[in-house]
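Chain and residue survey
Letter by letter, the chains look like this.
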Number of protein chains: 2
Amino acid sequence: MPVEKPRSEYRQVVALLRAAIADGEFPPGALLPAEPVLAERFGVTRATVNRALAMLRTEGLVRPERGRGTTVNELPIIRRESAGRQAQGVREAEGSRGAFDAEIRGLGLVPEAVVSVAEVAAPAEVALLLGVEAGEPVLARVREMSADGVPVQLATSYLPLGIVGGTRIAEVDTGPGGTYSRLGELGYAPVEFTETVRVRTPAEDEVVALRMDEDQRVFAITRVAVAEGGRVVEVNRIVAPAHQWELVFS
Amino acid sequence: MPVEKPRSEYRQVVALLRAAIADGEFPPGALLPAEPVLAERFGVTRATVNRALAMLRTEGLVRPERGRGTTVNELPIIRRESAGRQAQGVREAEGSRGAFDAEIRGLGLVPEAVVSVAEVAAPAEVALLLGVEAGEPVLARVREMSADGVPVQLATSYLPLGIVGGTRIAEVDTGPGGTYSRLGELGYAPVEFTETVRVRTPAEDEVVALRMDEDQRVFAITRVAVAEGGRVVEVNRIVAPAHQWELVFS
DNA sequence: TCTTATTTGTTCGTATGTATT
DNA sequence: GAATACATACGAACAAATAAG
């Protein structure tokens, strides 16, 4: 007979709760029983239940709130299609203001993006990629994106001031087609994109901006856009909760 | 003056330990002081230190072992280049037996792969992609890959028996260039690849095979290879510890 | 091989703090 | 203000794995 791997109680509670949620006993949006109640149900201490719930919170499956209770998250997973994302047709699609808008609308949610533009000192890693001195001023376009009011993605795009300084790219509204269309008009149309994907814990500011927990995980995507001739014209750093996204590459 | 966000003690300990590791006080491979020692150093209970170390373990930064102590992980981050990964030149490079081998060797580590082949009932999701009935037998090529003896990736490749049954693809050694070269000779050379990336907790068997903890995270990559004419010729499911890999797409 | 000390894993009971209702 | 509910911390105890003799 198969050997049963002995599992600690809190892991068993995790499995039981996960199963109960999957079975529909606690549907998305529902409030779970309070910790003392679950503790009695499973025959463990509240501390053990608390630990199990903390694990599920880290996975993004539930959201415990002090004084209120623990609710089951309704997480529509957002699919990010990387192929054709920068195609002009997609960028300029009617009603949509870019690939992100289209992705969120496709799920029946309301997208929103707050954009701010500033000149900042280039972070070391970005400077290296852009081919400028570390600390040298570059243009930073920061976008905070949300779906139905829930923040789901942060993106900071760094561009060399030598190319985009004084152009419409340095303004909040870059016009139809966005940054890439303007870059094309300046003779720096991106022809190649490289995206590097990592998973890590969020930084403190990301915890605040994305309203997530410190022990959850984020995708950290660095996209480098290269123009004809090999000149790097943009470095885009994207941060998004890992449990809410699915990345597709072709 | 700025408002200091009050942080729980265990999060402060996490930050302090992370800093100490980054500063080189505890270099890769080093044994950390025992939990009671750290508890005294930070002025907290062992339970708090234990919790902090559990977080660092989940991140893949340290590896606590009962009876032994807690060591700082030393396996470097492995970069997986997706572009050109299936190019014949890369696959057939001298000394390397594929993209994975080259990636691991590039880090100065010794790659190893254990391959097994079997006919299995197609999982529902795979069957849908391959265009066969769920449960219908398909060829499964399972590869367990490791670097310096540490398992770092599982890959299960599903192929339609109608195409590959009885060919060399159904054997453990597929010959120079591997599966894709053989598929080409059969008239089903893959011309398009789509990879879908998700992050999730590992399944029980993955925990065992990859020697990781239940509360760590894995990349779950599904690669679909399409031949000329739109026929799906392979579905490859790849699972790898998320903290050990960096994915690059072009 | 057996024993013992060390070290981490887990659970318990209790207490206190903080946010919400 | 009071009740409810989750967050964190402490101290203690025992289990399990490892290492040393």
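What counts and how
Residues numbered from 1 in each chain as written. Chains lettered and ligands numbered in written order. Predicted model: local features only at pLDDT ≥ 70, side-chain atom pairs only at ≥ 80, totals over all residues. Heavy atoms only, no water. Helix = DSSP H or I, 4+ residues; strand = E, 2+ residues; numbered from the N terminus. Buried < 20%, exposed > 50% of the residue type's maximum accessible area, 1.4 Å probe, protein only. Contact = heavy atoms within 4.5 Å. Areas by Shrake-Rupley, 256 points an atom, 1.4 Å probe, with all protein chains shown as cover. Lys, Arg positive; Asp, Glu negative; His and termini not counted. Charge placed at Lys NZ, Arg CZ, Asp CG, Glu CD. Pairing = 2+ DSSP bridges. Axes fitted to C-alpha atoms, helices over the stretch in contact; angles between N-to-C directions. Domains from an automatic or database assignment. Buried area = accessible area lost by both parts, 1.4 Å probe. Salt bridge = Lys/Arg side-chain N within 4 Å of Asp/Glu carboxyl O. Nonpolar A, V, L, I, M, F, W, Y, C, P; charged D, E, K, R; others polar. Phe/Tyr/Trp six-rings, centres within 6.5 Å; stacked < 30°, edge-to-face > 60°. Lys NZ or Arg CZ within 6 Å of the ring centre and 35° of its normal.

This brings us to the overall build of chain A. When its secondary structure is counted, chain A shows 9 helices and 10 strands. In terms of principal-axis extent, the alpha carbons of chain A reach across some 70 × 45 × 40 Å. Burial analysis of chain A (250 residues in total) assigns 48% to the buried set. Intrachain contacts of chain A at a sequence separation of at least 6 include 57% that bridge at least 24 residues. For chain A, the accessible surface area stands at approximately 12400 Å², while carbon and sulfur atoms represent 51% of it. The distance from the centre of the 28 positive side-chain charges to the centre of the 35 negative ones in chain A is 3 Å.

What follows deals with the sheet that holds strand S3 (residues 78–81) of chain A. Pairing in this open sheet of 8 strands is mixed, and the strands run S3(A)-S10(A)-S7(B)-S8(B)-S9(B)-S6(B)-S5(B)-S4(B) from one edge to the other. Because the sheet does not close on itself, it has two edges, and the strands there are S3 of chain A together with strand S4 (111–121) of chain B. Between one strand and the next, the sheet's axes are offset by a mean angle of 15°, whatever the strand orientation. Two elements, strand S10 (residues 245–249) of chain A and strand S7 (residues 190–200) of chain B, share 3 bridges in a ladder whose sense is antiparallel. By the bridge assignment for S7(B), Val248(A) is matched with Thr196(B). Packing of helix H5 (residues 99–106) of chain B onto the sheet brings it into contact with S4, strand S5 (137–147) and strand S6 (150–159) of chain B, and relative to S4(B) it is tilted by some 155°.

Moving on, we get to the domain arrangement of chain A. All names here are of chain A. Domain parsing of chain A yields domain 1 (9–72) and domain 2 (78–248). Summarising the inter-unit geometry, the C-alpha centres of domain 1 and domain 2 are found 36 Å apart. Contact with domain 1, which involves 4 residues of that partner, is made by 4 residues of domain 2. Between domain 1 and domain 2 lies a buried interface of about 370 Å² when both sides are counted; carbon and sulfur atoms form 38% of it. Summed over the three residues of domain 1 that lose the most area to domain 2, namely Arg 57, Thr 58 and Gly 60, the buried surface amounts to 88% of that side.

The subject of this paragraph is the interface of chain A and chain B. At the junction of the two partners, chain A supplies 28 residues and chain B supplies 29 residues. Summing both partners gives a buried area of about 2800 Å² for chain A against chain B, and 49% of it is carried by carbon and sulfur. Area buried by chain A at its contact with chain B is led by Glu214(A), Arg217(A) and Phe249(A), which between them contribute 19% of it. At the boundary of chain A with chain B, the tally comes to 6 salt bridges. We note a salt bridge from Arg11(B) to Glu214(A), for which the minimum N-O separation is 3.8 Å. Those elements giving two or more residues to the side of chain A that touches chain B turn out to be helix H1 (9–22), helix H3 (46–59), strand S7 (190–200) and S10 of chain A. Sort the elements by how many residues they give to the side of chain A that touches chain B and S7(A) lands first, with 7 residues. Within the side of chain A that touches chain B, the residues separate by chemical class into 11 nonpolar, 5 polar and 12 charged.

Going through the model one piece at a time under the given rule, you end up with 35 salt bridges over all chains. Residue Arg105(A) is joined to Asp101(A) by a salt bridge in which the shortest nitrogen-to-oxygen separation is 3.6 Å. Taken together, the positions of Arg105(A) and Asp101(A), both in helix H5 (residues 99–105) and 4 residues apart, correspond to about one turn of that helix. Classification of Arg105(A) as partly exposed rests on a relative accessible area of 44%. For Asp101(A), a relative accessible area of 11% gives the class buried. Shared partners join several salt bridges into a network, and the residues in it are Arg79(A), Glu81(A), Glu246(A) and Arg198(B).

For the structure on display, the rule yields 4 aromatic pairs over all chains. The ring of Tyr10(A) is capped by Arg51(A), whose NZ or CZ atom sits 3.8 Å from the centre of that ring.

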